[in-house]
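# Structural overview
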Amino acid sequence: MSNKLRIAVVGATGAVGESMLSILVENGFKDCTIHALASEKSLGKTVEFGKRFVAVEVLEDFDFSQADFALFSAGGGTSLKYVPRASAAGCTVIDNTSAFRQDDDIPLVVPEINADLLEGLEAGAIVANPNCSTIQMLVAIAPIHAVAGIERINVATYQSVSGAGRKGMEELARQTMDRLSFKDVVPSAFAQPIAFNAIPVIDTMQDNDYTREEMKLQWETSKILRDPAIGVNATAVRIPVFFGHSEAVHLETTRDISIAEVRELMHAAPGLELVEDLSPEAQVTAVTHAAGKDAVYVSRLRRDHTHPRGINLWVVGDNVRKGAALNAVQILKTMVGDKMSVET
């Protein structure tokens with residue numbers, strides 16, 4: 001029997017799955033046994049894993065007892081069907097969908113914030129990866145909450161089309177060319193044209209007139225920060241950017257805290273980069289800072305002049321990397337520790 005760590009990546013041919021494979025290599029897992037899983041239509045394809053190519057296996061036929069860990073990123077329906085199967089086979093699952101995030105018995109983890117929830121988990125455990133928008137917002141504000149508490153958050157997210165997968169990116173590219181060629185634009189991946197536009201609806205509308213994407217920020221923030229009293233008032237907007245989400249965050253703390261202290265907390269926080277330079281060319285953006293990077297970036301940090309304990313900040317992060325694939329790999333790395341192999 002091999003003593004190499006065995007990892008299955010479910011949804012290996014998708015944008016997040018491909019990113020998971022490359023980030024696994026970057027984080028020291030290049031010698032592990034990799035099972036690249038996808039639907040039957042991907043049979044015969046290969047995916048790149050470091051300097052080698054791995055043949056895609058059919059998810060439906062895979063025996064999860066052949067894997068120690070499985071990273072899922074193939075949609076909520078797929079996770080609901082196959083994650084229990086993997087768990088029952090003794091394979092520990094890190095799920096990137098919304099399927100299990102609100103389950104009280106399943107930890108929802110951002111390693112920089114609540115990695116303690118991973119301690120003592122046994123083989124076959126399920127760990128949920130939060131929504132991309134939640135991850136980058138909480139990496140930025142968790143240091144504030146730990147010291148001064150947060151009562152309320154108003155946040156507007158400006159989310160890239162890669163959040164909708166490959167079809168979203170292809171639609172933006174196609175519509176951009178059509179617009180510039182004075183052709184009619186026909187939306188498919190999104191409800192309205194995305195090229196040169198901003199669409200204030202992401203995911204399905206809920207009974208309270210918020211979208212599900214907006215409510216995820218409320219549900220997940222409360223769970224991860226372990227504070228059900230925090231109020232999160234969100235507006236989620238899709239914009240014509242390929243990679244990287246941006247957020248305008250306005251929060252109100254429970255106790256007084258100076259901006260100088262907030263700066264110190266942010267500079268010390270893992271996974272976070274604060275830019276204090278106020279010049280226009282220094283401000284962090286999805287394109288110039290976040291895309292292709294691991295960190296969450298903050299600029300425009302300032303006191304809210306309308307509220308005595310209000311703080312404003314601008315947050316950007318790569319939604320495919322830190323917002324999905326990297327966070328999952330960080331969870332895996334935390335669970336494995338310094339050991340890059342396990343006895344099987």
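Scroll up for the structure.
Our subject in this report is the structure included herewith. (Residues numbered from 1 in each chain as written. Predicted model: local features only at pLDDT ≥ 70, side-chain atom pairs only at ≥ 80, totals over all residues. Heavy atoms only, no water.)

### Thoughts on the nonpolar core
We count it as follows: For the purposes of this section, nonpolar cores are sets of buried Ala, Val, Leu, Ile, Met, Phe, Trp, Tyr and Cys residues that join through side-chain atoms within 4.5 Å. Summary of the burial criterion: residues with accessible area below 20% of their type's maximum are buried, those above 50% are exposed, and those between are partly exposed, where the area comes from a 1.4 Å probe applied to protein chains only. Think of it this way: any DSSP run of H or I at least four residues long counts as a helix, any run of E at least two long counts as a strand, and we number them from the N terminus. Throughout, a contact is declared for two residues whenever any of their heavy atoms are within 4.5 Å.
By size, the foremost hydrophobic cluster in this structure holds 53 residues, and its most contacted members are Phe64, Ile141, Ile153 and Leu313. Per-element accounting of this core gives the leading share, nine residues, to helix α4 (residues 132-148). Sequence-distant contacts of Leu313, defined by excluding residues within four places in its chain, comprise Ala140, Ile141, Glu247, Ala248, Val249, Leu251, Met266, Val298, Ser299, Arg300 and Leu301. Among the nonpolar cores identified, the runner-up in size contains 33 residues, and Cys32, Val47, Phe69 and Ala324 belong to it.

### Considerations on the layout of surface pockets
Threshold: The way it works is a 1 Å grid over only the protein atoms, where trapped points that fit a 1.4 Å probe form a cavity and open points with protein on both sides within 12 Å along at least five of seven lines form a pocket, and then any residue with an atom within 4 Å of a point lines it. Grid points are joined across faces, edges and corners, and a volume is the space filled by probe spheres set on the points. By the convention adopted, Pro, Cys, Tyr, Trp, Phe, Met, Ile, Leu, Val and Ala count as nonpolar, Lys, Arg, Asp and Glu as charged, and the other residues, Gly among them, as polar.
Counted as a void, the largest pocket has a volume near 1000 Å³. Along the wall of the largest pocket there are 38 residues; nearest its centre are Ser162, Gly163, Ala164, Gly165 and Arg238. At the level of elements, α1 (15-26), α5 (166-180), α6 (212-224) and α9 (321-336) are the ones that each hand at least two residues to the lining of the largest pocket. Partitioning the lining of the largest pocket into residue classes produces 14 nonpolar, 16 polar and eight charged. Approximately 220 Å³ is the volume attributed to the second largest pocket. Residue lining of the second largest pocket: Val10, Gly11, Thr13, Gly14, Ala38, Ser39, Lys41, Ser42, Leu59, Ser73, Ala74 and Thr78, and that is the complete set.

### Focus: the packing of aromatic side chains
In this description, a pair of aromatic rings is defined by centroid distance and the angle of the planes. Note the cut-off: Pairs were defined over the aromatic rings of Phe, Tyr and Trp, the Trp ring being its six-membered one, requiring ring centres within 6.5 Å. Orientation was assigned from the angle between planes: stacked under 30 degrees, edge-to-face over 60, tilted for the rest.
This model, assessed by the stated rule, comprises three aromatic pairs. The interplanar angle of 90 degrees and the centroid separation of 5.0 Å between the aromatic rings of Phe62 and Phe64 together place this pair among those described as edge-to-face. Its relative accessible area of 8% is what places Phe62 among the buried residues. For Phe64, a relative accessible area of 1% gives the class buried. Consider the rings of Phe64 and Phe72, whose centres lie 5.9 Å apart with planes at 20 degrees: the pair is stacked. Judged by its relative accessible area of 0%, Phe72 is buried. Each member of the aromatic cluster is reached from another via a ring pair, and the members are Phe62, Phe64 and Phe72.

### Focus: the pairing of strand β6 (residues 92-95)
Definition in use: For a crossover, the right-handed case is the one in which the path from the first strand over the helix to the second runs clockwise, viewed with the strands pointing away from the viewer. Only strands that DSSP links by at least two bridges are regarded as paired with each other.
Burial of β6 is two-sided: the residues Thr92 and Ile94 facing one way and the residues Val93 and Asp95 facing the other way are all buried. Running through helix α2 (residues 76-88), the crossover from strand β5 (residues 69-72) to the neighbouring parallel element β6 is right-handed. Alignment of β6 against strand β7 (residues 126-128), held across three bridges, turns out to be parallel. Bridging across to β7, Ile94 finds its partner in Val127.

### Thoughts on the sheet that holds strand β1 (residues 6-10)
To be explicit about the condition: Axes here refer to lines fitted to C-alpha atoms; in helices the fit is confined to the stretch in contact. Angles between the N-to-C directions go from 0 to 180 degrees.
Taken in spatial order, the seven strands make up an open sheet running β3-β4-β2-β1-β5-β6-β7, and their pairing is mixed. Of all the strands in the sheet, just β3 (46-49) and β7 have a single pairing partner and so form its edges. Taking each pair of neighbouring strands and ignoring which way they run, the sheet shows an average axis angle of 25 degrees. Of the strands in this sheet, β1, β5, β6 and β7 touch α2, which is tilted by about 160 degrees from β6.

### Overview of the pattern of salt bridges
Note that side chains of opposite charge can pair when their charged atoms are close. Note the cut-off: Each salt bridge in this description consists of a side-chain nitrogen of Lys or Arg and a carboxyl oxygen of Asp or Glu lying within 4 Å of one another.
Scanning the model with the defined rule gives 15 salt bridges in all. Between Glu252 and Arg152 there is a salt bridge whose closest N-O contact spans 3.6 Å. You can see Glu252 sitting in strand β10 (residues 245-253) and its partner Arg152 sitting in strand β8 (residues 150-159), a full 100 residues away along the chain. Under the relative-accessibility criterion, Glu252 is labelled buried at 18%. With a relative accessible area of 35%, Arg152 lands in the partly exposed category. Note that Glu213 is salt-bridged to Lys216, the shortest N-O span being 3.5 Å. With a gap of three residues between them, Glu213 and Lys216 both fall in helix α6, about one helical turn apart. Each member of the pair, Glu213 as well as Lys216, is classed as buried. Taken together, the shared-partner salt bridges in this structure form one network comprising Asp203, Arg212, Glu213 and Lys216.

### As for the environment of Ala282
Counting through the fold element by element, Ala282 comes out in the loop between β11 (272-274) and α8 (286-290). Since its relative accessible area comes to 15%, Ala282 is described here as buried. C-alpha separation for the pair Ala282 and Val161, spaced 121 residues apart in sequence, amounts to 24 Å. Excluding its chain neighbours within four sequence positions, the residues that come into contact with Ala282 are Val275, Asp277 and His289.

### A few points about the packing of α4 against α6
Packed helices, taken two at a time, are described by the angle between their axes plus the distance between the axes. Let me state the cut-off plainly: The scheme is simple: roughly parallel for angles under 35 degrees, roughly antiparallel for over 145, roughly perpendicular for 65 to 115, oblique for anything else. Handedness of a helix crossing follows the sense of rotation of the near helix relative to the far helix, less than a right angle counterclockwise being left-handed and clockwise being right-handed.
Where α4 contacts α6, the two axes come as close as 9 Å, and the packing angle between them is 45 degrees. In terms of their interaxial angle, α4 and α6 are classed as oblique. The chirality of how α4 crosses α6 is right-handed. Facing Ser133, Thr134, Met137 and Leu138 of α4, the residues of α6 in contact are Glu213, Lys216, Leu217, Glu220, Thr221 and Ile224.

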